[in-house]
Amino acid sequence: MALLVTLNGTQVRGRPGQTILELAQENGVDIPTLCHHADLSPLGACRVCVVEVEGSRTLVGSCHTPIADGMVIHTHSPKVLESRRVIVELLLASHSGVCYMCDKANMCELRKIAAELDVGLPRFQVRKHYYPLEDVSPYIARDLTKCIMCRRCVRACNEVAKHDVFAIAYRGFDSKIVVDFDQPIDKEVCRDCGVCIPFCPTGALSQPRETKTEKKGKPLVVTS
Amino acid sequence: MPEKRVVLKNCGVIDPQDIASYLAADGFKALEKALKLHLKQVIDEVKASELRGRGGAGFPCGLKWEFASKAQGNEKYVICNADEGEVGTFKDRYILENDPFSLIEGIAIAGYAIGAKKAYIYLRAEYHFLLDLLQNAIAQAKKKGFLGHLDIEVREGAGAYVCGEESALMDSIEGKRGEVRYRPPFPPTSGLWGKPTIINNVETLTNIPRIILNGAEWFGKMGTEKSKGTKVFSVSGDVAKPGVYELVLGSPLRELVEKLAKAEKVKTVQIGGATGRIIPYAMIDASLSFESVLGAGAITVFDESRDIIDIVGKTMEFLAEESCGKCTPCREGTEVMVETMERLGRGEGLKKDIKVLEELAETMMLCSMCGLGQAAPIPVVDSLEHFRGEYENRIRQS
Amino acid sequence: MNKTGRNGGRGELLVLLEAAQSKSAHISRDTITELAESLDLSIGEVYGVASFYSFLSTKPQGRNIIRICKSLPCLLKHAQTIIDSVRQEIGILPGETTPDGRFSFELTNCIGACDKAPAMMVNSDVHGDLTPKKIAKVLQAYK
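Owing to the predicted nature of the structure, the values given are computational and were not obtained by experimental measurement.

Asks: Help me understand unusual backbone geometry, please; the structure alone is not making it clear to me.
Replies: In most cases, non-glycine residues show a negative phi, while peptide bonds are predominantly trans. Note the cis peptide between P184(B) and P185(B), where omega equals 5 degrees. Omega for the peptide link from A117(C) to P118(C) comes to -5 degrees, which places this bond in the cis form. The residue P118(C) is located in the loop between β2 (103-108) and β3 (120-122) in this model. Even without glycine at this site, W193(B) takes up a positive phi of about 50 degrees. One can find W193(B) in the loop between α8 (166-173) and β4 (197-201). Residue W193(B) is classed as buried on the basis of its relative accessible area of 13%. Positive phi, close to 60 degrees, is recorded for A25(C), a residue that is not glycine. Residue position: A25(C) is located in the loop between α1 (13-24) and α2 (29-39).

Asks: Hey, could you run me through the layout of surface pockets in this one?
Replies: One water molecule sets the probe size; rolling that probe over the atoms shows where empty space is left. The volume enclosed by the second largest pocket comes to roughly 1,200 Å³. Taken together, 38 residues form the lining of the second largest pocket, with N158(A), D171(B), K176(B), R10(C) and E45(C) sitting closest to its centre. The element best represented in the lining of the second largest pocket is helix α4 (residues 152-160) of chain A, accounting for 4 residues. Residue composition of the lining of the second largest pocket, grouped by class: 13 nonpolar, 10 polar and 15 charged.

Asks: Where do I start with the sheet that holds β3(C) in this structure?
Replies: Strand pairing in a sheet is mediated by backbone hydrogen bonds. Such pairs are either parallel or antiparallel. Residues and elements named next belong to chain C. Here we have 4 strands laid out as an open sheet, ordered β2-β1-β3-β4, and mixed in their pairing. Each having just a single partner strand, β2 and β4 (125-127) make up the two edges of the open sheet. Along the sheet, successive strands turn relative to each other by an average axial angle of 20 degrees, direction set aside. With 3 bridges joining them, strand β1 (residues 64-69) and β3 adopt antiparallel strand pairing. Each bridged residue has a counterpart across the sheet, and for R67 the counterpart in β3 is M121. Contacting β1, β2, β3 and β4, helix α6 (residues 132-140) runs over the sheet at an angle of about 25 degrees to β3.

Asks: I tried to follow the confidence of the model for chain C on my own but got confused; where do I start?
Replies: Low pLDDT marks regions whose predicted coordinates should not be analysed in detail. The predicted model of chain C averages 94 in pLDDT, with 94% of residues at 70 or higher. Residue range residues 1-7 of chain C is modelled with pLDDT below 50. Its contacts to residues more than four positions away, or to other chains, number 21 contacts.

Asks: What am I meant to see in the domain arrangement of chain B here?
Replies: Interface size is commonly expressed as the accessible surface area that is lost when the partners come together. Residue and element names in this part refer to chain B. Each domain of chain B was delimited in the assignment, giving domain 1 (19-220), domain 2 (230-303) and domain 3 (308-392). Listed per partner, the contact involves 15 residues of domain 1 and 19 residues of domain 2. Here domain 1 and domain 2 share an interface that buries about 1,400 Å² over both sides, 61% of which is from carbon and sulfur atoms. Interface area lost by domain 1 to domain 2 is led by R54, E86 and F90, which between them contribute 34%. The tally of links from domain 1 across to domain 2 stands at 1 salt bridge. The partner of E203 in a salt bridge is K231, with the nearest N and O atoms 2.6 Å apart. If you look at where domain 1 meets domain 2, you find 7 residue pairs in polar contact (both at pLDDT 80 or more).

Asks: Can you walk me through the sheet that holds strand β9 (residues 298-303) of chain B in this structure?
Replies: Residue and element names in this part refer to chain B. Strand order in the open sheet made by the 5 strands is β6-β5-β9-β7-β8, with mixed pairing throughout. Strands with a single pairing partner mark the edges of an open sheet, and in this sheet they are β6 (243-248) and β8 (277-280). Shown here is a sheet whose adjacent strand axes are inclined to one another by a mean of 30 degrees, direction ignored. Lying on the sheet, helix α12 (residues 308-322) is in contact with β7 (266-271), β8 and β9; it crosses β7 at an angle near 15 degrees.

Cut-offs applied
Residues numbered from 1 in each chain as written. Chains lettered and ligands numbered in written order. Predicted model: local features only at pLDDT ≥ 70, side-chain atom pairs only at ≥ 80, totals over all residues. Heavy atoms only, no water. Helix = DSSP H or I, 4+ residues; strand = E, 2+ residues; numbered from the N terminus. Buried < 20%, exposed > 50% of the residue type's maximum accessible area, 1.4 Å probe, protein only. 1 Å grid on protein atoms, 1.4 Å probe; cavity = no way out; pocket = protein on both sides within 12 Å on 5 of 7 lines; lining within 4 Å. Points joined across faces, edges and corners; volume = space filled by probe spheres on them. Nonpolar A, V, L, I, M, F, W, Y, C, P; charged D, E, K, R; others polar. Pairing = 2+ DSSP bridges. Axes fitted to C-alpha atoms, helices over the stretch in contact; angles between N-to-C directions. Contact = heavy atoms within 4.5 Å. pLDDT = per-residue confidence, 0-100. Domains from an automatic or database assignment. Buried area = accessible area lost by both parts, 1.4 Å probe. Salt bridge = Lys/Arg side-chain N within 4 Å of Asp/Glu carboxyl O. Polar contact = N/O pair within 3.5 Å; in protein donor to acceptor, adjacent residues only side chain to side chain.

Structure, rendered in structure tokens:
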């Protein structure tokens, strides 16, 4: 049984159980996402993928809301775009990563979405999250100052790697992805796995930098 | 309209320790009546009464029951939300302290109506002192044979306001962090452990025996078009007589605040606790109803000596501390609001602050995952509407 | 035991943590490790639950826990003077424990005793209508 849905003014067909995000993707409509990942269970936490559904008091998360027959969806209305901007701005406001020093650089999904939504320096003044760099493990480096609590690493570890290394601790603004009793990551089970690293949208998880290898090429000399 | 004790009719009358005194006050007659009816008739009666949830959201109770009753599966749950955490609310405590039996009877009727064999009462940690009383009441009801169809277990919270939010409450009972879930699915379809579940507030369930015994028609004679019955209010703050008062819905706020609680020189009233409305004295004649203002029944009165920026700042501090932290707008937004209000409190507001607060509030209301985050900016929005001058005075002039 | 089971399983975690808290006034690392093993959960998962709730503590606490309400209805009724009196009486700041282990001192959000504001909890007892003068007498009962 096909469901008839109006997506940005166009009638499209969808399947029961399909999410708004899946329907949009199938029809070539690009909705930004952060906590969502096709290989992981939905979470709905970041709220970047919100869309407008006519008749709904609030915007709805497209990554977890199933379509319904007769639904009228706007994925890029002014209200939606403004909300997405504010959400990304909020994430940037407490994020203390410095883009020009970050290994993730142009690969960073947060940075990419911020650019697409035209979000510059956040207007919000809020304390930043500062945590010490965790570089004790030779296999994985963790810099939680760059973490945006999308929990993709937690789900990747639980659902894909089946290791249960990460968990969420504390509450509210202080919530944090922890290992055991909130210790720097250096566990037996973490060796050689690395499954979570590519799931991280920012530079919070990375492969430790190899500093001992010889770099070929000329030293950088600046001449005037 | 004077006080009317419907929900509270037994409070101060019966002995909460002794079921005999409850039975003497028509106790468990509603359950006996309900058990002789078909469960659909029970639900229809509750639907016809137009009873709406008393925990703040105001969802039609009978409809909730009907969804759960029609949902597939043999395993269903009733949860009584006794996690009364909204700032300034203590009416459920008062009901639990004085008449635990009416609540148990309400739960027993709910269990029969939706076909649940198990019910939980989720009691906030702060009310641990009521645990023995409640368990004693359950034991006595069981001994008298009123709970043959339903097992009632009390689960205690451990200090988290957000667990009063139904999805966080269920996660907490499941032994998890009290974080909210996205919806749909809604609890009547997929709730506790993924099974059909109804979650009702203490006061809502206490209304049930009255409705079943006296009929929906009797209940519908009280209140307004969209707000039937009575409401139990907790009044505190700058009043001479703080306490619990029950009024017919639609009664004017003035009656509660000035006449009953004896407030003087009122500047503003916060209705519904931290996530509630902040209204100025000019609106003191507002009707207390779902159509107008209501919430879970917390009425906090502030006199003319109080500072709005301070009130809103303290409120945001509470909400930031109690945010579960799952979704971005609530986790980050409440924190931004705390910092902004603090700055304003010091008289160091920036020119852009008001506009930024308004834009942030809009997004939090539209995008947060649960009622807490969606309602968190209300104190800011309301106070900006009614007391904008106090914000403007705190903006640094340079 | 299974991970998602209702009885004896995961569903009991909060109940078990609450029991540990009331037995030893905090939830020790050993307790967390044992619970994680018996419920087949990771240590982080159990720690995450324990650290979420404000009435659970992963650090050792005193024999008696004082929690003064710092929400608006109590603040309007001079809760600050109660906070100051307790501070003077037991000589520690909120967040601290007395050296003899008799008291831990915390500020807490609304405890639902606003009709008796200012109010505080000592362990699970609620004391309302407090005045600075009453503090010493109230605390005397807790050894």
